[in-house]
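One-letter residues, chain by chain:
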Amino acid sequence: VESLWRVCRAKVSEIELPSPAQRGPLRIHDLLLEATGESCDLLVNEFLIRFCAAFTDQGMAGWSLPGRDLGFYKAFCQLYRRHGGPPNQWTSGLSAEIERLGECQMDPLESIRESLSMLGYSEEEWPHVVRSNLLSLRGWAGLIWHMEVRPDRFAAPAPAGTLIEFVAVQLILERLAIEHLVEGTIFKAPCLNQLRGKLTQALDKGPKDVRGQRAFRVFQLAQLMGWSSARLSRLSMADWTMLVAEIEYFGELERRRLLHRAYERHYRCQALDALWSYGQRATTRVDSPNFQAVFCIDAREESFRRHVEEAGKRVETFGVAGFFGVPIYYRGVADAHFTPLCPIVVKPKHWVTEEVVYTLAEANRRRSHARKLVATATHHIHMGSRGIARGAILTAGLGVIASIPLIARVLFPRHTGRFRSMASRIAHPPSMTRLRLHRSEASPGPEKGHIGFTTEEMAELAERALRDIGLTYGFARLVAFLGHGSSSVNNPHKSVYDCGACTGNPGGPNARALAAMLNDSHVRAILARRGVEIPRTTVFLGGLHNTCEDSITFYDLETLPVSHTDDFEAMQSVLHEACERNAHERCRRFDSAPLKLSFAGAHRHVEERSMDLAQARPEFGNATNGMCVVGRRQRTRGLFLDRRSFLMSYDPAQDDPHCTILERILSAVVPVCEGINMQYFLSHIDPAGWGCGTKLPHNITSLLGVMDGASSDLRPGLPWQGVEIHEPMRILFVIESTPEALRKIMQRNKVVGRILRNGWAQLAVLSPTSNSICVYRDGEFHAYEPTGNELPKSDSSTNWYQGWRGHLEFATIDTPEAPVETQATTEPWATTTT
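Treat the numbers as computed from the prediction; the structure is a model and nothing was measured.

Whenever I open this one, the overall build of the protein chain confuses me. Can you help?
Helix and strand counts for the protein chain stand at 28 helices and 20 strands. For a compact globule of 834 residues, the expected C-alpha radius of gyration is about 28 Å, and the protein chain comes in at 31 Å, within 12% of that figure. Taken along the three principal axes of its C-alpha coordinates, the protein chain extends 90 × 80 × 55 Å. For the protein chain, contacts bridging at least 24 residues in sequence account for 72% of all contacts bridging at least 6.

Now the structure itself:
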């Protein structure tokens, strides 16, 4: 061993060390940290976070920021121009600096140029420095940018140019902090250049014993491979150079990349093998279905659709992006502002409001007045509890009373939640409402008369929605559009569990709007002229699937014809059974739920989780996502996908030669599903950086984000409680089409092309006429060779997953005609994909 070590050290010492890697310009912060051990980022960020929280506030703060309407830069200058400002010693010169800037009439861009020049950066270094400064407080910088570019998504948006003003203020504070840390000498060019030169030399030297470290890696490899010192001594210097270069190339980062690609390949092969094997089955639609249901493509709905099909037998289900092709700004009866309900990449052009029917208008006014009184009293109590005097009085007077519902919500969450729901009906709007969909004015807008759509616009949206999913014939008597949302208590991350296609909002209003459009006789007449004939006996219903408590709520049932009540009751029976089955499958992932719960017991358990004040995991959302299938449901119906796949319906036989429908589908599905997947991917592999850590210390700020404790950067990503069961891998898109069609779509659609070509997602193409599959890799489509292993079979989903906590293998579910028992009788063959 000693001889081997001496040979490795001697040979490696003769190999020339590589030159230092090229790096960007060093920020002054790095120089100060090296020279003084102090970071000016800590000073600047602590100060800037408080101002950002006040500027971005959407109504949560007790005091609003003075001069907010003037913009970020002017509001900052107006607030801190006054003497006797913040007590921080390093900001003592802030008011004088703001006075100087005002006298010079310097705008934000000029201030940025001046600050960068005073800090000694050359113009070539400016982009890198500005980018680094934004990343030092990336949560707040990102929020301000989003408030600026998408003002339609905020009650109090930021004006254009706010991000530039943010950088200007950040650099002003940075100059003051640096001057404080180096006692006013930092702006002398010789001192600055000397400090930068010393640090650069120190960094270029690297570790003291680089040669020893390189030799030790060769020594370890030689021991692993069984190489003797004599054998290594006989190698030429060229061989040694190549060996060391190969070891250093295959470093820690490269090893992680390779192992992760193998990790992804394992699941990809399992999924493609299953689709190849299952693709040999018949691909005909359900003949004369009892009812049809259209769900969001969400991975959580995969299991729900599977259970609906198992419970209902002759039921046909479809999947579509959860805004149902109806992008709108929506305001409910009790809402104060319009909310955009559509993917983040779409900007709606229409506004829709919910209104109480005229006969209940007076009751609605009374309840609205009651809501206002309750809200005002609650607000005063909340704000009063923050003060010293009123806080002490309220705590002493109401503290004991307030503890009673608090204890009840922790010990008896389900019963307490139901009691609160019953009590709140006094102030809730009446249940009989309608959507204002018909527009009387020519142009759309949020004002009265401009709300809604024209008949032609409604027909256009309705036709597109039906053609996208291939539902242009074979209509059942009842067709239900079911959006989804999630209800939970004390959860600052609630929007994570709502519909991603509606940017973190429930998709019920979109489903309700589309159903109302398709029930309109004028819309149906236009559709008939365009080749989509809807029978008079077909009735469309809009509803909402609550994915946390597994319940279904339907809208506008007062318009349901009497002739369809029996059909509706039969559909409700199937959906209720599917809710219980779905809750049962979900409970296997909750450690607090016993594995032998009955269907009804599992349903009660998920209801309790949604109402539990102390529950950090009301549901896991899309934490199990790994794949997205775009194609006919017949290609996956009866296939156990373990809640891991988004399912988008698409019939290639109904598309034109240019694949217009497929391109339209992918323009929404690819960014939405890939974005959801990346949220979980990055939040799992880096919970503290890209994720937001544990949700337990999170506090809501500005009604827009969360901070750790009382002050921190805004936390991006998802909490650990929502991603802990996730397997981090890039989503696999399996699209029923041809390689040629996908190439053309990737060329025409820049967003889809960038995502698929640049490796943000994996891509496979499933042939519409056979079970052959091609995988997209390195810019080309390659034929996939399956293993040919036969899929395991089970007579129900329950019998397949019962008794298992982790991820399960794919399986064929052959549902017998007899009803399935609530308890499993066999154990599945399964293994985790890890």
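I keep staring at the nonpolar core and nothing clicks. Help me out?
Considering soluble globular proteins, one finds that nonpolar side chains tend to be buried as a cluster. Ranked by size, the top nonpolar core spans 87 residues in total, and within it Phe481, Val630 and Phe733 carry the most contacts. Looking at which element gives the most residues to this core, the answer is helix α24 (residues 660-685), with ten residues. Setting aside chain neighbours within four positions, we find phenylalanine 481 in contact with Val294, Phe324, Leu466, Ala511, Leu514, Ala515, Leu518, Phe540, Leu541, Gly542 and Gly543. Counting 52 residues, the second-largest nonpolar core is a separate cluster that includes Trp90, Val129, Leu143 and Phe154.

Teacher, can you tell me more about the sheet that holds strand β16 (residues 762-766) here?
Sheet strands line up and pair through hydrogen bonds in the backbone, either parallel or antiparallel. The sheet built from six strands is open, its strands ordered β12-β10-β15-β16-β17-β18 with mixed pairing. Whereas interior strands pair on both sides, the edge strands pair on one side only; in this sheet they are β12 (645-649) and β18 (780-783). Strand-to-strand twist in this sheet, taken as the mean axis angle between neighbours without regard to direction, amounts to 20°.

Would you mind going over the layout of surface pockets with me for this structure?
It is the rolling of a water-molecule-sized probe over the atoms that shows where space remains empty. Taken as a whole, the second largest pocket spans an internal volume of roughly 1100 Å³. As for the second largest pocket, its lining consists of 43 residues, and the residues nearest its centre are Arg261, Glu264, Arg265, Arg268 and Gln762. Secondary-structure elements contributing two or more residues to the lining of the second largest pocket are α14 (252-278), α24, α27 (750-757), β16, β17 (773-777) and β18. Looking at the lining of the second largest pocket element by element, the count peaks at 14 residues for α14. Taken together, the residues of the lining of the second largest pocket break down into 19 nonpolar, ten polar and 14 charged.

Explain unusual backbone geometry to me, please; I cannot follow it from the model alone.
The bulk of non-glycine residues show a negative phi, and the bulk of peptide bonds are trans. Even without being glycine, aspartate 550 reaches a positive phi, approximately 50°. Of note, aspartate 550 is situated in the loop between β8 (539-546) and β9 (551-554). With relative accessibility at 0%, the residue aspartate 550 sits in the buried group. Despite not being glycine, aspartate 556 has its phi angle at roughly 55°, a positive value. One can find aspartate 556 in the loop between β9 and α22 (565-587).

Just checking my understanding: could you explain the packing of helix α19 (residues 455-469) against α24 for this structure?
Packed helices, taken two at a time, are described by the angle between their axes plus the distance between the axes. Running from N to C, α19 and α24 point in directions that differ by 100°, and their axes come no closer than 10 Å. As far as their axial angle goes, α24 and α19 are roughly perpendicular. Residues Arg464, Arg467 and Asp468 of α19 touch α24, and the partners they reach there are Ile661, Arg664 and Ile665. A class-by-class count of the residues in the contact of α19 with α24 yields two nonpolar, no polar and four charged.

Would you mind showing me how to read the pattern of salt bridges here?
As enumerated under the stated definition, the model contains 40 salt bridges in all. Residue arginine 285 is joined to glutamate 316 by a salt bridge in which the shortest nitrogen-to-oxygen separation is 2.6 Å. In this pair, arginine 285 sits in the loop between α14 and β1 (291-296) while glutamate 316 sits in strand β2 (residues 315-320), placing the two residues 31 residues apart along the sequence. Each member of the pair, arginine 285 as well as glutamate 316, carries the same accessibility label: buried. Of the charged contacts, one joins arginine 306 and glutamate 302 as a salt bridge, the two residues approaching to 3.0 Å between their closest N and O atoms. Highlighted residues: arginine 306 and glutamate 302, both in helix α15 (residues 300-312), separated by four residues, approximately one helical turn. Classification of arginine 306 as buried rests on a relative accessible area of 3%. Assessed through its relative accessible area of 1%, glutamate 302 is described here as buried.

What is the right way to look at the packing of helix α1 (residues 2-13) against helix α13 (residues 237-249) in this model?
At a minimum axis distance of 10 Å, the contact between α1 and α13 shows a crossing angle of 95°. It follows from the interaxial angle that α1 and α13 lie roughly perpendicular. Residues Val7, Cys8, Lys11 and Val12 of α1 form the contact with α13, whose participating residues are Met237, Trp240 and Val244. For the contact of α1 with α13, a count of residues per class yields six nonpolar, no polar and one charged.

Even after reading the chapter, I still don't get a nonpolar patch on the surface, so can you show me in this structure?
On the surface, Leu406, Ile407, Val410, Leu411 and Phe412 cluster together into a nonpolar patch covering about 490 Å² of accessible area. Note on placement: phenylalanine 412 falls in the loop between α17 (389-411) and α18 (413-424).

Could you clarify how one ought to interpret the state of the cysteines in this entry?
Two cysteines joined by a covalent bond between their sulfur atoms form a disulfide. The tally for this structure, following the rule as stated, stands at zero disulfides. Free cysteine cysteine 77: the closest other cysteine sulfur is in cysteine 104, separated by 12 Å. No disulfide involves cysteine 296; its sulfur sits 4.0 Å from that of cysteine 499, the nearest cysteine. Among the residues examined, cysteine 296 registers a relative accessible area of 4% and is labelled buried.

Where do I start with α15 in this structure?
Because an α-helix completes one turn every 3.6 residues, residues spaced three or four positions apart along the sequence face the same direction. If you check α15, its first and last C-alpha atoms are 19 Å apart, about what 13 residues at 1.5 Å a residue would give, namely 18 Å. Most of α15 is tucked away: 13 of the 13 residues are buried. Directly after α15, the chain includes lysine 313, whose backbone phi takes a positive value near 60°.

How should I be thinking about the side chain of glutamate 165 in this particular structure?
Turning to its location among the elements, glutamate 165 is positioned in helix α9 (residues 162-181). No salt bridge forms around the buried glutamate 165; measuring N to O, its nearest opposite-charge neighbour lysine 74 is 7.4 Å away. Side-chain polar atoms of glutamate 165 contact the backbone nitrogen of tyrosine 73, separated by 2.9 Å. Excluding residues within four positions of it along the chain, glutamate 165 makes contact with Gly71, Phe72, Tyr73 and Pro108.

Can you walk me through the side chain of aspartate 273 in this structure?
With respect to the helices and strands, aspartate 273 occurs in helix α14. Excluding residues within four positions of it along the chain, aspartate 273 makes contact with Tyr784, Pro786 and Thr787.

Could you clarify how one ought to interpret the sheet that holds strand β5 (residues 351-356) in this entry?
The sheet built from four strands is open, its strands ordered β4-β3-β5-β6 with mixed pairing. Strand pairing shows two members of the sheet lacking a second neighbour, β4 (339-341) and β6 (433-436), which therefore form its edges. Sheet twist, expressed as the average angle between the axes of neighbouring strands with direction ignored, equals 30°. Relative to β5, strand β3 (residues 328-331) is paired through three bridges, and the arrangement is parallel. Bridging across to β5, arginine 331 finds its partner in threonine 353. Seen against the sheet, helix α20 (residues 508-519) touches β3, β4, β5 and β6 and runs at an angle of roughly 80° to β6.

Mind showing me how you'd approach the packing of aromatic side chains here?
What characterises a pair of aromatic rings is the spacing of the ring centres plus the angle enclosed by the ring planes. Evaluated as defined, the whole model comprises 21 aromatic pairs. An angle of 40° between the planes, with centres 6.2 Å apart, marks the rings of phenylalanine 216 and phenylalanine 219 as tilted. Taken together, the residues span about one helical turn, with phenylalanine 216 and phenylalanine 219 both in helix α11 (residues 210-225) at a distance of three residues. What makes phenylalanine 216 partly exposed here is its relative accessible area of 40%.

How each quantity is defined
Residues numbered from 1 in each chain as written. Predicted model: local features only at pLDDT ≥ 70, side-chain atom pairs only at ≥ 80, totals over all residues. Heavy atoms only, no water. Helix = DSSP H or I, 4+ residues; strand = E, 2+ residues; numbered from the N terminus. Rg over C-alpha atoms; globule rule 2.2 N^0.38 Å. Contact = heavy atoms within 4.5 Å. Core = buried A, V, L, I, M, F, W, Y, C linked by side-chain atoms within 4.5 Å. Buried < 20%, exposed > 50% of the residue type's maximum accessible area, 1.4 Å probe, protein only. Pairing = 2+ DSSP bridges. Axes fitted to C-alpha atoms, helices over the stretch in contact; angles between N-to-C directions. 1 Å grid on protein atoms, 1.4 Å probe; cavity = no way out; pocket = protein on both sides within 12 Å on 5 of 7 lines; lining within 4 Å. Points joined across faces, edges and corners; volume = space filled by probe spheres on them. Nonpolar A, V, L, I, M, F, W, Y, C, P; charged D, E, K, R; others polar. Parallel < 35°, antiparallel > 145°, perpendicular 65-115°, else oblique. Salt bridge = Lys/Arg side-chain N within 4 Å of Asp/Glu carboxyl O. Patch = residues over 30% accessible without salt bridge, like charges linked within 9 Å, V, L, I, M, F, W, Y side chains within 5 Å. Areas by Shrake-Rupley, 256 points an atom, 1.4 Å probe, with all protein chains shown as cover. Disulfide = S-S within 2.5 Å. Expected span 1.5 Å × (residues − 1). Lys, Arg positive; Asp, Glu negative; His and termini not counted. Polar contact = N/O pair within 3.5 Å; in protein donor to acceptor, adjacent residues only side chain to side chain. Phe/Tyr/Trp six-rings, centres within 6.5 Å; stacked < 30°, edge-to-face > 60°.

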